[in-house]
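So the chains spell out like this:
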Amino acid sequence: GNSVTQMEGPVTLSEEAFLTINCTYTATGYPSLFWYVQYPGEGLQLLLKATKADDKGSNKGFEATYRKETTSFHLEKGSVQVSDSAVYFCALGISGSARQLTFGSGTQLTVLP
Amino acid sequence: SQTIHQWPATLVQPVGSPLSLECTVEGTSNPNLYWYRQAAGRGLQLLFYSVGIGQISSEVPQNLSASRPQDRQFILSSKKLLLSDSGFYLCAWTDVGYGYTFGSGTRLTVV
């Protein structure tokens, strides 16, 4: 079956620190990969995505590269801000009529000023 | 533009009471619709999905049910809530590709 394993949190960083949140996956077929962000008390928002191997998704200073050889999609940001504090979810999707997403368990990020 | 509405935002219900959460989508037709639950400190669990009116697939056996009476309406229900039903419930939709859009969620506390 499909699964996503995400770096366990919580992660606490100082402002302007470098961020990496690890994500690896197992999937049958060729998945698309996603990072979602959930700010406190809100639903999830798509942060970035990649649909094939070696694609790099980027948004708001965050980046992640689809690595088929290591089955990974690690999220990185060079300099985090307090406003980046949120829960980050890695997810994969396999094409088909249901278009379901399989989510990782989420990683809580807290950025301190 | 497409929007998704989910209500209520918060709900406190006693054990054994019924539940009805509603989700509606605007600006699209024949979307795929989903109900997810997020338990405290845990990830997202897919509960139900629907690819069309009256078509419901259940991912996890439980005392919850879902219905899709109209193309853009998705309802999550329970006849008798359990303490373990507490959590954050999220509705989502997608039409083509993986443009998932989530509602703002309902925080349910069963007491």
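In case you missed it, the structure is sitting above this.
As the structure is a computational prediction, the values presented were derived from the model and not from experiment. (Residues numbered from 1 in each chain as written. Chains lettered and ligands numbered in written order. Predicted model: local features only at pLDDT ≥ 70, side-chain atom pairs only at ≥ 80, totals over all residues. Heavy atoms only, no water.)

## As for the interface of chain A and chain B
Formally: Contact between two residues is taken to exist if any of their heavy atoms lie within 4.5 Å; hydrogens are not considered. Here the buried area means the combined drop in accessible surface, using a 1.4 Å probe, for two parts upon being joined, counting both sides. By salt bridge we mean one thing: a side-chain nitrogen of Lys or Arg within 4 Å of a carboxyl oxygen of Asp or Glu. Pairs of N or O atoms within 3.5 Å make up the polar contacts considered here, provided that, within protein, one atom can donate a hydrogen while the other can accept it, and that residues adjacent in sequence are counted only when both atoms are side-chain atoms. Secondary structure follows DSSP: runs of H or I at least 4 residues long count as helices, runs of E at least 2 residues long count as strands, and numbering of each begins at the N terminus.
Contacts between chain A and chain B engage 20 residues on the former and 22 residues on the latter. Between chain A and chain B, roughly 1600 Å² of surface is buried when both sides are summed, and carbon and sulfur atoms account for 54% of that area. For the pair chain A and chain B, the number of links is 0 salt bridges. For the pair chain A and chain B, the number of links is 3 residue pairs in polar contact (both at pLDDT 80 or more). Counting residues per element, the ones that place at least two in the side of chain A that touches chain B are strand 5 (32-38), strand 10 (86-93) and strand 11 (101-103) of chain A.

## A word on the packing of aromatic side chains
As a reminder, the rule being used: Between the rings of Phe, Tyr and Trp (Trp by its six-membered ring), a pair exists once the centres lie within 6.5 Å; its type follows the angle of the planes, with under 30 degrees stacked, over 60 edge-to-face, and the other angles tilted. Burial classification: accessible surface area is computed with a 1.4 Å probe over protein chains only, and a residue below 20% of its type maximum counts as buried, one above 50% as exposed, and the rest as partly exposed.
For the structure on display, the rule yields 15 aromatic pairs over all chains. Judged by centre distance (6.1 Å) and plane angle (70°), the rings of Phe103(A) and Phe102(B) are edge-to-face. Placement of Phe103(A) in strand 11 and of Phe102(B) in strand 10 (residues 101-102) is noted, with the two residues assigned to different chains. The exposure class assigned to Phe102(B) is buried, which follows from its relative accessible area of 8%.

## A look at the sheet that holds strand 7 (residues 64-70) of chain B
Residues and elements named next belong to chain B. The cut-off we apply is this: The rule for pairing is simple: two strands pair if DSSP sees at least two bridges between them. Axes here mean lines fitted to C-alpha atoms, for a helix over just the part in contact, with angles spanning 0 to 180 degrees between N-to-C directions.
Read from one edge of the open sheet, 4 strands run 1-3-8-7, paired in antiparallel fashion. The open sheet has two edge strands with one neighbour each: strand 1 (3-7) and strand 7. With direction set aside, neighbouring strand axes in the sheet form an average angle of 15°.

## Digging into the sheet that holds strand 7 (residues 56-59) of chain A
Residue and element names in this part refer to chain A. A sheet is described by the order of its strands in space; here 4 strands give the open sequence 3-9-8-7, paired in antiparallel fashion. With one partner strand each, in any of the chains shown, strand 3 (19-21) and strand 7 form the two edges of the open sheet. Shown here is a sheet whose adjacent strand axes are inclined to one another by a mean of 15°, direction ignored. Here strand 7 pairs with strand 8 (residues 62-65) via 4 bridges, running antiparallel. Bridged to Lys-56 within strand 8 is Thr-65.

## Quick notes on the state of the cysteines
Heads up, the condition is: We call a pair of cysteine sulfur atoms a disulfide when they lie within 2.5 Å.
Enumeration according to the criterion identifies 2 disulfides over all chains in this entry. Shown here is the disulfide that connects Cys23(A) with Cys90(A), its sulfur atoms set 1.9 Å apart. Disulfide Cys23(A) to Cys90(A): torsion about the S-S bond roughly -70°, handedness left-handed. Separated by 67 residues along the polypeptide, Cys23(A) in strand 4 (residues 23-26) and Cys90(A) in strand 10 bring together distant segments of the chain. Disulfide pairing places Cys23(B) opposite Cys91(B) at an S-S distance of 1.9 Å. Across the S-S bond linking Cys23(B) and Cys91(B), the dihedral sits near -75°, which makes this disulfide left-handed. Here the residue Cys23(B) occupies a position in strand 3 (residues 19-26), and Cys91(B) occupies one in strand 9 (residues 87-94), the gap between them amounting to 68 residues.

## Regarding the side chain of Gln6(B)
All names here are of chain B. In this structure, Gln-6 sits in strand 1. Judged by relative accessible area, which is 9%, Gln-6 ranks as buried. One polar contact links the side chain of Gln-6 to the main-chain amide nitrogen of Cys-91, over a distance of 3.1 Å. Among all residues touching Gln-6, those that are not within four sequence positions of it are Glu-22, Cys-23, Trp-35, Tyr-89, Leu-90, Cys-91, Gly-103, Ser-104, Gly-105 and Thr-106.

## Remarks on the pairing of strand 4 (residues 32-38) of chain B
All names here are of chain B. Along strand 4, 7 of the 7 residues are buried, which leaves the element largely enclosed by surrounding structure. In strand 4, alternate side chains face the same way, and those of Asn-32, Tyr-34, Tyr-36 and Gln-38 on one face and Leu-33, Trp-35 and Arg-37 on the other are all buried. Pairing of strand 4 with strand 9, which is carried by 7 bridges, proceeds in the antiparallel orientation. For Tyr-36, the partnering residue across the bridge sits in strand 9 and is Leu-90. As judged from the 6 bridges shared by strand 4 and strand 5 (residues 44-52), these two strands associate in the antiparallel manner. Looking across to strand 5, one finds that Arg-37 is bridged to Gln-45.

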